[in-house]
Amino acid sequence: MNTDRRRSPGFLLWSLMAIALAGLLGCGGESGGLKADTPSEFCPGTPVLEAVLPRVLEGDRYLSREIAQYSVDEDLAVNGGALCVEPGVTVEVAQSRRIVIGSETSAALIAVGVDENGASAPITFTSARSVPRFGDWDKILFTSKADAERSRLENVVIEYAGAHIQHGRCGLTVESNTLSMSQVTVRNGLGMGVIFEGADAYPTTFTDMHFEEVPEGGFSISARYAHKLTGPISIGMGVARVELRGSNIYDDTTLEDLGIPWDIVGDNVLMANGAVLSVAPGVTLRLGSGQRLVAGGTTEGGIEFLGTFSSPILVTTWEQDPHPGSWDKILVTPKTTRAVFQHVVLEYAGQLSSQGGKAALLIGGPVDDIDGLEILSSGGFGLFIQAGAPLPSVGGPIRIEASADDAISLPPELVEFLMSSTLELVDERSVIRLREGDLSGTVELTGLASAIRVEGELRVDDGSWRLMAGDEVIFEPGARLSVGVNGAGSLGVAGSEASPVRFTSALAEPAAGDWDGILIGALSGADTR
């Protein structure tokens, strides 16, 4: 009878179910052949046997691909060791929860998604929802206590993160140390992809990175460490920008074209000190209120805009309502070691009168090359050259349009800059301003501007200024033109009845006595017709 019972279909079914259940549970509740002392060929330490991770993991532990799918139901703190994730493992994180590396003591996260044959086996940190949504869970946070030397992310996907703004709304935050990252994809999140939060936070490796559908931007990093972004970096749909926090740049840095803007945020000044900031063809660089780029601040430094005719560089604003004066200026100081402006457009600058002038581009130091410079909608001057600056080298055209003040302001001793340039000054503000000083050499400015404005006293004592039919010289209140007072200067005026040369007031409502007049000295060689 017992033999018959063992052979019955019901008994056999129950036996098979018992064997299957035993296989699933394993001895002592472990998964399959995975035991508490099972070593990993990928990771140090002992395995985490429970599929639902505890609130705290201490010592060297690893997530096994035998379990394959782990869940984080509460905030997970990793302390006093390394949490290592085997290739192919998925970690599902509950709503609003986070993973904190180095919550109280030094800790590391090691996640390398490459199997024993060198094949790709991505590790994924994702939402626990059956139908995931952007911002379901919070982030992976590397605190200041995280072990930078041991931590490493390679072939990892972080998705559906960015629930909270603490430490930045993003998929991953590095608080104030370093992290090696390669082949990391951050996607479908709220906020940014990766934030290097502290002033000293940066990647030791940042290659083959991919960002997609992270609406506030791919990543944020201090400009001081932008040279660490070795690339390549790819940007998918739904990524508005990358964020460069303004500060000093001490290492030669190149901003590559990522297909989206580089936004300067935070500190008002992005300053190249002891290094050269190079901007590659096609880059869009955006600044906001009060912000400026400085070549050579406290120490020597340079800036290069290396655009091409087919891929110009655009420097503009990230303000929501762009207008003239939305950002400050580009400043070339006497400490500049290199300044190049090749096929670059500057728009909506000219906000502040600081550093000597309210202008989109203020030149107070050496400029190696200007070729294809375009200045649009400046809130002040388009181009302002300080007294004492070397003569800028010009290899190509300069176009200035819609400046709130005159197109160009410069000392008269640098008037050769105007004659050696191919200028295109557009609209009624296409005025060249000559500030007080001495005009030397043979000067002809006919056809360059709608008018020449004189500010202060313009002295022609060692040269010749020739004015032709249709030229107009306008004078600020109290301004004068002195010719041949202290030297053999000359003034040639060759107007015509149809197109006379006009010397007049610069005021919108002129009146007698607005300007001082023209003084012809005993040494002059004035020639008026």
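In this report, we go over the structure that sits alongside the text. Predicted model only: the values in this text are computed from it and were never measured. (Residues numbered from 1 in each chain as written. Predicted model: local features only at pLDDT ≥ 70, side-chain atom pairs only at ≥ 80, totals over all residues. Heavy atoms only, no water.)

**Brief notes about the overall build of the protein**
- If you tally the helices and strands in the protein, you get three helices and 45 strands.
- Counting only C-alpha atoms and orienting by the principal axes, one finds that the protein spans roughly 140 × 40 × 35 Å.
- Counting all 529 residues of the protein, 53% fall into the buried class.
- The contacts in the protein between residues at least 6 apart in sequence include a share of 64% that link residues at least 24 apart. (Helix = DSSP H or I, 4+ residues; strand = E, 2+ residues; numbered from the N terminus. Buried < 20%, exposed > 50% of the residue type's maximum accessible area, 1.4 Å probe, protein only. Contact = heavy atoms within 4.5 Å.)

**Brief notes about unusual backbone geometry**
- Here the phi dihedral of asparagine 188 falls at roughly 55 degrees; this positive angle occurs in a residue that is not glycine.
- With a relative accessible area of 15%, asparagine 188 lands in the buried category.
- Phi is positive for tyrosine 348, close to 65 degrees, though the residue is something other than glycine.

**So, the pattern of salt bridges**
- Applying the stated criterion across every chain yields a total of 32 salt bridges.
- For glutamate 116, the salt bridge goes to arginine 65, with nearest N and O atoms at 3.0 Å. Within this pair, whereas glutamate 116 is found in the loop between strand S9 (107-112) and strand S10 (123-127), its partner arginine 65 is found in the loop between strand S3 (61-63) and strand S4 (69-72), the two being separated by 51 residues in sequence.
- By relative accessible area, glutamate 116 is classed as partly exposed at 44%. (Salt bridge = Lys/Arg side-chain N within 4 Å of Asp/Glu carboxyl O.)

**A word on the environment of threonine 204**
- Relative to the elements of secondary structure, threonine 204 occurs in strand S16 (residues 202-207).
- Remark: the alpha-carbon pair of threonine 204 and leucine 229, spanning 25 residues in sequence, is separated by 8.8 Å.
- When residues no more than four places from it in sequence are discounted, the contact partners of threonine 204 are Thr178, Leu179 and Ser180.
- Within the structure, threonine 204 has its side chain in polar contact with the backbone nitrogen of serine 180 (distance 3.5 Å). (Polar contact = N/O pair within 3.5 Å; in protein donor to acceptor, adjacent residues only side chain to side chain.)

**Regarding the nonpolar core**
- Ranked by size, the top nonpolar core spans 132 residues in total, and within it Phe125, Phe219 and Trp465 carry the most contacts.
- It is S9 that contributes the most residues to this core, six residues altogether.
- Sequence-distant contacts of tryptophan 465, defined by excluding residues within four places in its chain, comprise Leu439, Val443, Leu445, Ile452, Leu458, Val460, Val473, Leu481, Ser490, Leu491 and Gly492.
- If you look at the next biggest cluster of nonpolar residues, it comprises eight residues, including Val269, Val294, Ala359 and Phe384. (Core = buried A, V, L, I, M, F, W, Y, C linked by side-chain atoms within 4.5 Å.)

**Describing the state of the cysteines**
- This structure, assessed with the given rule, holds one disulfide.
- Between the sulfur atoms of cysteine 43 and its disulfide partner cysteine 84 the distance amounts to 2.0 Å. Here the S-S torsion is close to -65 degrees, and the disulfide linking cysteine 43 with cysteine 84 is therefore left-handed. Here the residue cysteine 43 occupies a position in the loop between helix H2 (9-25) and strand S1 (46-47), and cysteine 84 occupies one in strand S6 (residues 81-85), the gap between them amounting to 41 residues.
- Judged by relative accessible area, which is 8%, cysteine 43 ranks as buried. (Disulfide = S-S within 2.5 Å.)

**Quick notes on the environment of valine 483**
- Here valine 483 is to be found in strand S41 (residues 480-483).
- The spatial distance from the C-alpha of valine 483 to the C-alpha of aspartate 267 is 48 Å, given a sequence separation of 216 residues.
- Setting aside residues no more than four positions away along its own chain, valine 483 makes contact with Val460, Asp461, Gly489, Ser490, Leu491, Leu519, Ile520, Gly521 and Ser524.

**A short note on the environment of glycine 365**
- Locating glycine 365 in the fold gives a position in the loop between strand S30 (359-363) and strand S31 (369-376).
- Given the relative accessible area of 0%, glycine 365 is considered buried.
- Between the C-alpha atom of glycine 365 and that of glycine 388, which follows or precedes it by 23 residues, the distance is 8.3 Å.
- Setting aside chain neighbours within four positions, we find glycine 365 in contact with Val332, Thr333, Pro334, Ala389 and Pro390.

**Topic: the pairing of strand S15 (residues 192-196)**
- Among the five residues of S15, five are classified as buried, and the element is accordingly described as predominantly covered.
- Examined bridge by bridge, strand S13 (residues 170-174) and S15 share four bridges and lie parallel to one another. Its bridge partner being in S15, threonine 173 is matched across the sheet by isoleucine 195. (Pairing = 2+ DSSP bridges.)

**Focus on the packing of aromatic side chains**
- This structure, assessed with the given rule, holds eleven aromatic pairs.
- Summarising the aromatic geometry, the rings of phenylalanine 206 and phenylalanine 219 are spaced 5.4 Å apart at their centres and angled 75 degrees between planes, so their arrangement reads as edge-to-face. Placement of phenylalanine 206 in strand S16 and of phenylalanine 219 in strand S18 (residues 217-222) is noted, with a sequence separation of 13 residues between them.
- Consider the rings of phenylalanine 381 and phenylalanine 384, whose centres lie 5.5 Å apart with planes at 50 degrees: the pair is tilted.
- Among the residues examined, phenylalanine 384 registers a relative accessible area of 9% and is labelled buried.
- Joined through ring pairs, the aromatic side chains of Phe196, Phe206, Phe211, Phe219 and Trp262 make up one cluster.
- In this structure, arginine 435 is placed above the aromatic ring of phenylalanine 384, and the distance from its NZ or CZ to the ring centre is 4.3 Å. (Phe/Tyr/Trp six-rings, centres within 6.5 Å; stacked < 30°, edge-to-face > 60°. Lys NZ or Arg CZ within 6 Å of the ring centre and 35° of its normal.)

**With respect to the side chain of serine 40**
- Along the chain, serine 40 turns up in the loop between H2 and S1.
- Classification of serine 40 as buried rests on a relative accessible area of 15%.
- Only 3.0 Å separates the side chain of serine 40 from the backbone nitrogen of phenylalanine 42, close enough to count as a polar contact.
- Of the polar contacts made by the side chain of serine 40, one reaches the backbone nitrogen of cysteine 43; its length is 3.0 Å.
- For serine 40, the residues in contact, after removing those within four places along its chain, are Tyr62 and Glu86.

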